[in-house]
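# Reading the structure
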Amino acid sequence: GFGFSTRVYESATAGCVPLIMMDGVESAYEELLPYHSFALRLNDSLKHLLTLEAVLAAVPAAAVAAMRARLRCVWPRFLWLRHDEGAVTPLPEQQRLLRYDAFETLLWTIRKRLRRDVEGPPDWDEACGAVRDYFQRPPRGAPASGWAPWANWKDLPEW
């Protein structure tokens, strides 16, 4: 969307490809995360407003599926999963993903700026594995047959 908001992060955590229409503005962690692989950016965005529906319809379904598949590894990096002791959280067993949340991503971004020794999160593959495990293994206390986080991701190919 236009301007600064949480829409990019909300769409990513819901399994929807973020559409970024902010000319000359970087999104959170853009220098670290491979946005080109999981989001669609339209530069000269005012030009696209009148034809936006056609522009989006022209994106091949395979490209959208590939971006959504990459989102599976990205979404925890947009969420602050650390909570105070006893806080109620809608994400059961979020501690399984703590090493890949927004706090950790912020630290990697700072390291990149200070040391210039990383291009992206060096734990990318590990994070993808942790997210895959999170989706496939129900948290303690959840019924195995009823565990279906983000059911709208079911149309993606197997991990």
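Please refer to the structure placed before this passage.
Residues numbered from 1 in each chain as written. Predicted model: local features only at pLDDT ≥ 70, side-chain atom pairs only at ≥ 80, totals over all residues. Heavy atoms only, no water.

What follows covers a nonpolar patch on the surface. A cluster of nonpolar side chains, contributed by Trp80, Phe103, Leu106, Leu107, Ile110 and Leu114, occupies part of the molecular surface with about 570 Å² of accessible area. Turning to its location among the elements, Leu114 is positioned in helix α5 (residues 102-115). (Patch = residues over 30% accessible without salt bridge, like charges linked within 9 Å, V, L, I, M, F, W, Y side chains within 5 Å. Areas by Shrake-Rupley, 256 points an atom, 1.4 Å probe, with all protein chains shown as cover. Salt bridge = Lys/Arg side-chain N within 4 Å of Asp/Glu carboxyl O. Helix = DSSP H or I, 4+ residues; strand = E, 2+ residues; numbered from the N terminus.)

Moving on: the packing of aromatic side chains. Centre-to-centre distance and the angle between the planes together describe a pair of aromatic rings. For the structure shown, the criterion picks out 6 aromatic pairs. Judged by centre distance (6.3 Å) and plane angle (65°), the ring pair of Tyr35 and Phe78 falls under edge-to-face. Here Tyr35 is found in the loop between β1 (19-20) and β2 (40-41), whereas its partner Phe78 is found in the loop between α4 (61-74) and α5, with 43 residues between them in sequence. Of the two residues, Tyr35 and Phe78, neither departs from the other in class, the shared state being buried. Between the aromatic rings of Phe38 and Phe78, the centroid separation amounts to 6.3 Å while the plane-to-plane angle is 65°, which identifies the pairing as edge-to-face. Placement of the pair is Phe38 in the loop between β1 and β2 and Phe78 in the loop between α4 and α5, with a sequence separation of 40 residues. On the basis of relative accessible area, Phe38 is assigned to the buried category, the value being 0%. Taking relative accessible area as the criterion, Phe78 reaches 8% and is therefore assigned buried. Among the aromatic residues, those joined into a cluster by ring pairs are Tyr9, Tyr35, Phe38 and Phe78. (Phe/Tyr/Trp six-rings, centres within 6.5 Å; stacked < 30°, edge-to-face > 60°. Buried < 20%, exposed > 50% of the residue type's maximum accessible area, 1.4 Å probe, protein only.)

Moving on: the pattern of salt bridges. Within the structure shown, the criterion is met by 11 salt bridges. Across the pair Asp101 and Arg82 runs a salt bridge, and its minimum N-O distance is 2.7 Å. Of this pair, Asp101 sits in the loop between α4 and α5 while Arg82 sits in the loop between α4 and α5, and the two are 19 residues apart along the sequence. With relative accessibility at 38%, the residue Arg82 sits in the partly exposed group. For Arg115, the salt bridge goes to Asp117, with nearest N and O atoms at 4.0 Å. With a relative accessible area of 40%, Asp117 lands in the partly exposed category.

Relative to the helices and strands, Arg96 is located in the loop between α4 and α5. On the basis of relative accessible area, Arg96 is assigned to the buried category, the value being 18%. At a separation of 3.2 Å, a polar atom in the side chain of Arg96 contacts the main-chain carbonyl oxygen of Arg137. (Polar contact = N/O pair within 3.5 Å; in protein donor to acceptor, adjacent residues only side chain to side chain.)

A separate point is the nonpolar core. Counting residues in each nonpolar core, the largest one holds 16 residues, and the members touching the most others are Ile20, Leu33, Tyr35, Phe38, Val74, Phe78 and Trp124. Mapped by element, the contributors of at least two residues to this core are α1 (7-13), α4 and α6 (124-136). At 3 residues, α4 tops the list of elements feeding residues into this core. Listed in part, the 10 residues of the second largest apolar core include Leu81, Leu91, Leu97 and Val131. (Core = buried A, V, L, I, M, F, W, Y, C linked by side-chain atoms within 4.5 Å.)

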